[in-house]
Amino acid sequence: MRINTLILGAGAAGMMCARHAGGSTLVIDHAKAPGEKIRISGGGRCNFTNMYAEAKNYLSANPHFCKSALARYTQWDFIELVDRHGIAWHEKTLGQLFCDGSSKQIIAMLVEEMREAGADLWLHTSVEAVAQTADGYTVRLLREGKAQTVTCRNLVLATGGKSIPKMGATGLAYDLARQFGLEVTETRAGLVPFTFPDGRFQPLAGVSLPSRLSNARTSFDEALLFTHRGLSGPSVLQLSSYWREGEEIT
Ligand SMILES: Cc1cc2nc3c(=O)[nH]c(=O)nc-3n(C[C@H](O)[C@H](O)[C@H](O)COP(=O)(O)OP(=O)(O)OC[C@H]3O[C@@H](n4cnc5c(N)ncnc54)[C@H](O)[C@@H]3O)c2cc1C
């Protein structure tokens, strides 16, 4: 089978890419449904954008990296798309926009947009091997147990990060990047809760309160939530991206 664009991964990035890739596009995913991480996002209501999203909110070794993408597709473009699909939403705090109903509405919207753009979606499909050819790539796939070979001009890696493997996350994109000689930077967990094996906060599980959480470099004024396993909530998730092992947090 010969196509223009093959997209590996039917998450938020893969489906959004398929919507813009033009015709003759195939999206594959080894999961049984597209957008599984979107489904659990924002506590099931998907915090789908932020009114104040701008380059300085993005963590990167190169702070300029996200600028062109953010300039070409803004939060207002996404809000317009959500409105066009009749999805009701509300602002929570600090410009965070959530669905009134369910994050499944965002998945349905992306699937519809992708299909309208003429893209096909194969689920239960895994990647066996990728090789470069003179004018593109040959990819060996296993679709519902059957071998399939696809040749394409453009290959998009949208298989996401490594968090939550039980939801289908793998390091495939990192492996392929290395296969093609690209340097891969060290990966770290970010936007994650802090867990304590000694269960020291267990008696407080379920309690949440406004907090100012700081390390030596930054601080966040948002809610903190005690859980059975430790600390969570917006201030904790935010600070986790700036924390290094052994550092003190107040
Ligand atoms: C609990 C939680 C809550 C979150 N809440 C929010 C929120 O409210 N708002 C927000 O903006 N973000 C939120 N996020 C982050 C957001 O979900 C992710 O940033 C986003 O889904 C990443 O999209 P992606 O397309 O890059 O990757 P993914 O969504 O991970 O998609 C990658 C896809 O590739 C597939 N795949 C992986 N490996 C292979 C392989 N080897 N072969 C075939 N297919 C493969 C996977 O099955 C998956 O469908 C949350 C994340 C979590 C974990």
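Here the residue numbering is sequential within each chain, running from 1 through the sequence in written order. The predicted origin of the model limits local features to residues at a pLDDT of at least 70 and limits the giving and counting of side-chain atom pairs to 80 or more, whereas totals for whole chains, interfaces and linings rest on all residues. Hydrogen atoms and water are omitted, and side-chain values are computed over all heavy atoms in the structure.

*Asks:* Looking at this structure, how should I read the domain arrangement of the chain?
*Replies:* One frequent convention defines the size of an interface as the accessible area lost when the parts assemble. What the domain assignment reports for the chain is domain 1 (2–46 + 102–179) and domain 2 (194–240). Domain delimitation follows an automatic or database domain assignment. Between the C-alpha centres of domain 1 and domain 2 the distance comes to 34 Å.

*Asks:* What exactly am I supposed to notice about the packing of aromatic side chains here?
*Replies:* A ring pair, where both rings are aromatic, is described by two values, the distance of the centres and the angle of the planes. Each Phe, Tyr or Trp ring (for Trp, its six-membered ring) is paired with any other whose centre lies within 6.5 Å, and the angle between the two planes then decides the class: stacked below 30 degrees, edge-to-face above 60, tilted in between. Per the counting criterion, the structure on display carries seven aromatic pairs. With a centroid separation of 6.0 Å and an interplanar angle of 40°, the aromatic rings of Phe48 and Phe78 are classed as tilted. Pair noted here: Phe48 is in strand 3 (residues 47–50) and Phe78 is in helix 4 (residues 75–84), with a separation of 30 residues, a long-range link. Overall, Phe78 belongs to the buried group, its relative accessible area being 12%. Residues Phe201 and Phe226 carry aromatic rings whose centres are separated by 5.4 Å and whose planes lie at 50° to one another, so their mutual orientation is tilted. Note that Phe201 is positioned in the loop between strand 10 (194–195) and strand 11 (208–214) and Phe226 in strand 12 (residues 219–226), a separation of 25 residues in sequence. To sort residues, take the accessible area from a 1.4 Å probe on protein chains only and compare it with the maximum for the residue type: under 20% means buried, over 50% means exposed, and anything in between is partly exposed. The class of Phe226 is buried, set by a relative accessible area of 13%. The structure contains a cluster of three or more aromatic residues connected by ring pairs, namely Phe48, Phe78 and Trp89. Either the NZ atom of lysine or the CZ atom of arginine qualifies as a charge over a ring when it sits within 6 Å of the ring centre and within 35 degrees of the ring normal. One cation-aromatic arrangement involves Arg143 over Trp122; the distance from NZ or CZ to the ring centre is 4.1 Å. Secondary structure elements are defined from DSSP: runs of H or I of at least 4 residues count as helices, runs of E of at least 2 residues count as strands, and each element is numbered from the N terminus.

*Asks:* What is the right way to read the layout of surface pockets from this model?
*Replies:* If a probe as big as a water molecule is rolled over the atoms, it shows which places are left empty. Here a cavity denotes grid points, spaced 1 Å and computed from the protein atoms alone, that fit a 1.4 Å probe unable to get out, and a pocket denotes an open set having protein on both sides within 12 Å along at least 5 of 7 lines; residues with an atom within 4 Å of a point are the lining. Grid points are joined across faces, edges and corners, and a volume is the space filled by probe spheres set on the points. Looking at the second largest pocket, its volume works out to about 250 Å³. Looking at the second largest pocket, it is lined by 13 residues, and the ones nearest its centre are Phe194, Phe196, Leu231, Trp243 and Ile249. Each residue gets one label: Ala, Val, Leu, Ile, Met, Phe, Trp, Tyr, Cys and Pro are nonpolar, Asp, Glu, Lys and Arg are charged, and the others, such as Gly, are polar. Here the lining of the second largest pocket is built from residues that sort into ten nonpolar, one polar and two charged.

*Asks:* Explain the sheet that holds strand 6 (residues 119–122) to me, please; I cannot follow it from the model alone.
*Replies:* Hydrogen bonding along the main chain pairs the strands of a sheet, whether they run parallel or antiparallel. The six strands are arranged 6-2-1-9-8-7 in an open sheet whose pairing can be described as mixed. What marks the edges here is a single partner per strand, and that holds for strand 6 and strand 7 (125–133). Each adjacent strand pair in this sheet contributes to an overall mean axis angle of 40°, direction not counted. Strand pairing requires that DSSP identify at least two bridges connecting the strands. Relative to strand 6, strand 2 (residues 25–28) runs parallel, the two being bridged by four bridges. Looking at the pairing, Thr25 lines up with Ala119 of strand 6. By the convention used here, residues are in contact when the closest approach between their heavy atoms is within 4.5 Å. Axis angles are defined between N-to-C directions and span 0 to 180 degrees, where every axis is a line fitted to C-alpha atoms and, for a helix, only to the segment in contact. Sheet strands touched by helix 1 (residues 12–20): strand 1 (2–8), strand 2, strand 6 and strand 9 (146–157). Its angle to strand 1, the strand with the most contacts, is close to 150°.

*Asks:* Could you clarify how one ought to interpret helix 1 in this entry?
*Replies:* Two residues of an α-helix separated by three or four positions point the same way, owing to the 3.6 residues in each turn. Among the residues of helix 1, Gly14, Met15, Met16, Ala18 and Arg19 are the ones counted as buried. On its buried face, helix 1 is in contact with strand 1, strand 2, helix 2 (36–40), helix 4, helix 5 (104–116) and strand 6. Trailing helix 1 by a residue or two, Gly22 shows a phi angle of about 85°, which is positive.

*Asks:* Would you explain the nonpolar core in this entry?
*Replies:* Among soluble globular proteins, nonpolar side chains are generally buried collectively. To form a nonpolar core, buried Ala, Val, Leu, Ile, Met, Phe, Trp, Tyr and Cys residues must be joined to one another through side-chain atoms within 4.5 Å. Grouped together as the largest cluster of nonpolar side chains are 26 residues, with contacts concentrated most on Phe48, Ile106 and Met109. Of all the elements in the fold, those that place two or more residues in this core are helix 1, helix 4, strand 5 (96–99), helix 5 and strand 6. Ranked by residue count, the leading element in this core is helix 5, at six residues. Those residues in contact with Phe48 that sit more than four places away from it in its chain are Phe78, Ile79, Val82, Trp89, Leu97, Phe98, Cys99 and Ile106. Grouped together as the second largest cluster of nonpolar side chains are 14 residues, Leu26, Trp122, Val139 and Leu155 included.

*Asks:* How do you make sense of the packing of helix 4 against helix 5 when you look at a structure like this?
*Replies:* Interhelical geometry of helix 4 versus helix 5 gives an angle of 95° and a closest axis separation of 11 Å. One way to sum up the angle between helix 4 and helix 5 is to call them roughly perpendicular. Facing helix 4, whose interface residues are Phe78, Leu81, Val82 and Arg84, helix 5 presents Ile106, Met109 and Glu113. Broken down by class, the residue content of the contact of helix 4 with helix 5 amounts to five nonpolar, no polar and two charged. Under this scheme an angle from 65 to 115 degrees is roughly perpendicular, one under 35 degrees roughly parallel, and one over 145 degrees roughly antiparallel; angles in between are oblique.

*Asks:* Sorry, what's going on with the environment of Thr151 here?
*Replies:* Inspection of the secondary structure assignment puts Thr151 in strand 9. Once the C-alpha coordinates of Thr151 and Leu123 are considered, the two residues, 28 residues apart in sequence, prove to be 18 Å apart. Residues contacting Thr151, with those up to four places away along its chain left out, are Met1, Arg2, Ile3, Tyr137 and Thr138.

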